[in-house]
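# Summary of structural features
If you want the building blocks of each chain, they are given just below.
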Amino acid sequence: MPDRIPSAARSGPDPAVILRAENVARRFGGFTAVDVDHLAVRRGEITALIGPNGAGKSTLFNLLTGFDRPDAGRWAFDGHPLAGVPAHKVARMGMVRTFQLTRVLARLTVLENMRIAAPGQLGERLWAAPFSLAWRRGERDNTARARALLSRFLLDGKRDEPAGALSGGQRKLLEMARALMAEPRMVMLDEPMAGVNPALKQSLLGHIVSLRDDGVSVLFVEHDMDMVHEISDHVVVMAQGRVIAEGTAREVTQDERVVSAYLGERFGDDLVETGPTPGGGSGGR
Ligand SMILES: Nc1ncnc2c1ncn2[C@@H]1O[C@H](COP(=O)(O)OP(=O)(O)OP(=O)(O)O)[C@@H](O)[C@H]1O
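I will try to describe carefully the structure that is included in this document. None of the values given here were measured: they were computed from a predicted structure. (Residues numbered from 1 in each chain as written. Predicted model: local features only at pLDDT ≥ 70, side-chain atom pairs only at ≥ 80, totals over all residues.)

### Let's talk about the overall build of the protein
Per the secondary structure count, the protein includes 10 helices and 10 strands. Per-residue burial over the protein gives 38% buried out of 285 residues. For the protein, contacts bridging at least 24 residues in sequence account for 70% of all contacts bridging at least 6. (Helix = DSSP H or I, 4+ residues; strand = E, 2+ residues; numbered from the N terminus. Buried ≥ 20, exposed ≤ 12 C-beta atoms within 10 Å, placed from the backbone. Contact = placed C-beta atoms within 7 Å.)

### Section: the sheet that holds strand β8 (residues 217–221)
Strand order across the open sheet formed by six strands is β6-β7-β8-β3-β9-β10, with mixed pairing between neighbours. Edge positions in the sheet fall to β6 (95–97) and β10 (242–247), since each has one partner strand and no second. Within this sheet the neighbouring strands show an average axis-to-axis angle of 20°, counted without direction. Relative to strand β9 (residues 234–239), strand β3 (residues 46–50) is paired through four bridges, and the arrangement is parallel. Each bridged residue has a counterpart across the sheet, and for Thr 47 the counterpart in β9 is His 234. (Pairing = 2+ DSSP bridges. Axes fitted to C-alpha atoms, helices over the stretch in contact; angles between N-to-C directions.)

### With respect to the pairing of β10
Pairing geometry for β9 and β10, over five bridges, is antiparallel. Paired with Val 237 across the bridge in β10 is Ala 245. Counting the residues in the hairpin turn of β9 and β10 gives two residues, including Gln 240, whose phi is positive at 50°.

### Things to note about helix α1 (residues 57–64)
The buried count for α1 comes to seven of eight residues, which makes it a mostly enclosed element. Those residues of α1 that fall on the buried side of the exposure criterion are Lys 57, Thr 59, Leu 60, Phe 61, Asn 62, Leu 63 and Leu 64. Looking one or two residues past α1, Gly 66 carries a phi angle of roughly 80°, positive in sign.

### Observations concerning the nonpolar core
Counting residues in hydrophobic clusters, the biggest one holds 74 residues, and the most contacted among them are Ala 177, Val 187, Val 218 and Val 237. Two domains each provide a minimum of three residues to this core, namely domain 1 (13–101 + 186–274) and domain 2 (105–165). Setting aside its immediate chain neighbours within four residues, Ala 177 contacts Met 114, Leu 149, Leu 150, Phe 153 and Leu 155. (Core = buried A, V, L, I, M, F, W, Y, C linked by C-beta atoms within 7 Å. Domains from an automatic or database assignment.)

### Comments concerning the pairing of strand β4 (residues 72–77)
Relative to β4, strand β1 (residues 17–28) runs antiparallel, the two sharing five bridges. Along β4, the bridge assignment pairs Glu 22 with Arg 74. Counting the residues in the hairpin turn of β4 and strand β5 (residues 80–81) gives two residues, including Asp 78, whose phi is positive at 55°.

### So, the site of the ligand
Contacts to the ligand come from Phe 28, Ala 33, Gly 51, Asn 53, Gly 54, Ala 55, Gly 56, Lys 57, Ser 58 and Thr 59. Top contributing element to the shell around the ligand by residue count: α1, with three residues. Of the residues that constitute the shell around the ligand, the class distribution is three nonpolar, six polar and one charged. (Near = placed C-beta within 6 Å. Nonpolar A, V, L, I, M, F, W, Y, C, P; charged D, E, K, R; others polar.)

Laid out in structure tokens, this is it:
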């Protein structure tokens, strides 16, 4: 199995791994939602996190990004321990996430949504008196960066419209563009394709691949197996809070544990026939 590095060899930071978690557990009352003994996300790759509803994928995202606290475990981003680090600091360190339900601020314009996602937008630059030269320069840089990203995500024409007027798919694009305002080294996308029409799906896929091309590591949760096959370098499968398998898309879809815990239930006998060419394009990298 890839990346099964003996514990003894894992003491120092591994340059091939950008995010590593060990023994992360989260319980709600007597119910264990997450119990992951080992997870490694490789630098510069697209990793998919798949599994049935309730497997613990979103809860794990919340833990790793500081939006929730685990009962146990440790994890490190780029060699920096993250346990106890709050979400805004995790983002500032270069690991940002999006949510299953987008969190765009409906009444603010598209451009304003981008600008408030800039690092240091609120607290960090309070030392710089508003309207001082440094403040104005920062604002100008943020606006230029926001406009460049909106243009890349084909949202520049919408920049002065309220974000609430965007379609579901456009909101997903905005949320991804917003995540990039922080110039992250890693992005975590929670169901980026949910509620997105087929035309925008292709565009979103292209954006995710271009993140990897820019050197950004990507971890995404997704139920859309076509997408998983198309763009993933590596796939991690969770069920009942645990990682039950990992490998290329092709390897995991042929793994009996994965078929019985997840894929069989979703696709039944059509599994092999309906999917795109196993490993096509990316899985075999
Ligand atoms: N705040 C909470 N309180 C109690 N139980 C919770 C809480 N958050 C999550 N859970 C439970 O933990 C389990 C894992 O949920 P989670 O949302 O992480 O699964 P998931 O794999 O992301 O599912 P989906 O694919 O449906 O989004 C579920 O059984 C869920 O009901």
